[in-house]
Amino acid sequence: MDTITAKIDTRLYRTEITSASENVLISDEPQEIGGKNLGLNPTELLAASLASCTVITLRMYINRKQWEVSEINVKIDFERDADRNVAVFTRKIEVIGEVDETQRQRLETIANSCPIHKTLTHSIEIKTTLI
């Protein structure tokens, strides 16, 4: 993966995120905590990664199989359970098209195989250097 950069200046809490391919998005915090709600907050970005990876992975698979599916919708809810020290993602997938029960079961397996799902369900190591 190419490097992602994030930059913040004195505007609370507007963050400019840039990819190596020069795509840019803005992240922010809600007004209730001092931001201006100019973009998704970091928690929403995490959930958005899972949602977008899921629909892209499913679309790739469906296209390869040449199934008649016009639309795929994913809803992600994300909560932290402090008592159990666990993060809980609830993912609901809607597939609009002609798919039978066997195909639906296969799509659930494929959704669970998307790269972000795999990353979030395995050990994660973060190495930090202050420069």
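Residues numbered from 1 in each chain as written. Predicted model: local features only at pLDDT ≥ 70, side-chain atom pairs only at ≥ 80, totals over all residues. Heavy atoms only, no water.

**Considering the overall build of the protein**
Secondary structure assignment for the protein yields three helices and five strands. Counted from the first residue to the last, the protein has its helices and strands arranged as β-β-β-α-β-β-α-α. Considering only contacts in the protein between residues 6 or more positions apart, those separated by 24 or more positions represent 31%. Surface summary for the protein: the accessible area is close to 10100 Å², and the carbon and sulfur share equals 50%. (Helix = DSSP H or I, 4+ residues; strand = E, 2+ residues; numbered from the N terminus. Contact = heavy atoms within 4.5 Å. Areas by Shrake-Rupley, 256 points an atom, 1.4 Å probe, with all protein chains shown as cover.)

**Details of the pairing of strand S1 (residues 5–8)**
Pairing between S1 and strand S2 (residues 15–18): four bridges, direction antiparallel. The partner of Lys 7 across the bridge, within S2, is Glu 16. Connecting S1 to the antiparallel partner S2 that follows it, the hairpin turn spans six residues. (Pairing = 2+ DSSP bridges.)

**What about the sheet that holds S2?**
One open sheet accounts for three strands, arranged S1-S2-S3; its pairing is antiparallel. Looking at the sheet topology across the chains shown, the edges are occupied by S1 and strand S3 (24–27). The mean angle between the axes of side-by-side strands here comes to 25°, regardless of whether they run parallel or antiparallel. (Axes fitted to C-alpha atoms, helices over the stretch in contact; angles between N-to-C directions.)

**Some details on the nonpolar core**
Leu 58, Tyr 61, Ile 62, Trp 67, Val 69, Ile 72, Val 95, Val 99, Leu 107, Ile 110 and Ala 111 form the largest nonpolar core, which has eleven residues in total. Listing elements by their share of this core, those giving two or more residues are helix H1 (42–65), strand S4 (69–81) and helix H2 (101–111). Ala 111 has contacts with Thr 54, Leu 58, Arg 91, Ile 93 and His 117, leaving out every residue within four places of it along the chain. One finds Ala 47, Leu 50, Ile 76 and Cys 114 within the second-largest nonpolar core, a separate group that totals seven residues. (Core = buried A, V, L, I, M, F, W, Y, C linked by side-chain atoms within 4.5 Å. Buried < 20%, exposed > 50% of the residue type's maximum accessible area, 1.4 Å probe, protein only.)

**Quick word on the environment of Trp 67**
Within the secondary structure, Trp 67 is located in the loop between H1 and S4. Taking the C-alpha atoms as reference points, Trp 67 and Gly 97, separated by 30 residues in sequence, lie 8.2 Å from one another. Excluding residues that lie within four positions of it along the chain, Trp 67 makes contacts with Tyr 61, Ile 62, Val 99, Gln 103 and Leu 107.

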